[in-house]
Amino acid sequence: MAIEVVSASMMTSDETTHMARCVGGDRWVVSWLPGRTLSGQQAVTAMTIATTVATRDVPTGTDWAMLDDLALELGLTAREAVFMVALENHDYRKTAKPRRRVLE
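Residues numbered from 1 in each chain as written. Predicted model: local features only at pLDDT ≥ 70, side-chain atom pairs only at ≥ 80, totals over all residues. Heavy atoms only, no water.

Novice: Describe the packing of helix 1 (residues 40-55) against helix 2 (residues 61-72), naming the residues involved and giving the relevant values.
Specialist: In the contact formed by helix 1 and helix 2, the axes pass within 9 Å of each other and the chain directions differ by 150°. Regarding the angle of helix 1 to helix 2, the classification is roughly antiparallel. In terms of crossing hand, the pair formed by helix 1 and helix 2 is left-handed. Contact residues: Thr 45, Thr 48, Ile 49 and Thr 52 in helix 1; Met 66, Leu 67, Leu 70 and Ala 71 in helix 2. Of the residues contributing to the contact of helix 1 with helix 2, the split by class is 5 nonpolar, 3 polar and no charged. (Axes fitted to C-alpha atoms, helices over the stretch in contact; angles between N-to-C directions. Helix = DSSP H or I, 4+ residues; strand = E, 2+ residues; numbered from the N terminus. Parallel < 35°, antiparallel > 145°, perpendicular 65-115°, else oblique. Left-handed = near helix turned anticlockwise from the far one by under 90°. Contact = heavy atoms within 4.5 Å. Nonpolar A, V, L, I, M, F, W, Y, C, P; charged D, E, K, R; others polar.)

Novice: Mind laying out the environment of Glu 15, listing which residues take part and the relevant values?
Specialist: By the element assignment, Glu 15 lies in the loop between strand 2 (10-13) and strand 3 (20-24). Distance from Glu 15 to Thr 55, taken between C-alpha atoms, is 6.7 Å for residues 40 residues apart in sequence.

Next up, the structure:
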């Protein structure tokens, strides 16, 4: 599991399509938590949750305990966090290419 900070303004992971972006100061937005602003440490926690969910087919009892501890830092339960990670699973790293029309 590798979470990478890109030029101090974005966090990505090689295990998940989710990302976090810095919006100024120590304020971050995370792709699976739209509408929420987090601290840098909370953004790392959110990315850790997303990465954990992406790398486990079925979480074990130990995984759920760890996810509960992490999610608590975000004011969530593990089940809420796992649901939200799955619900907001869009690949924001890919940009849509404009469609071109062929003129005859």
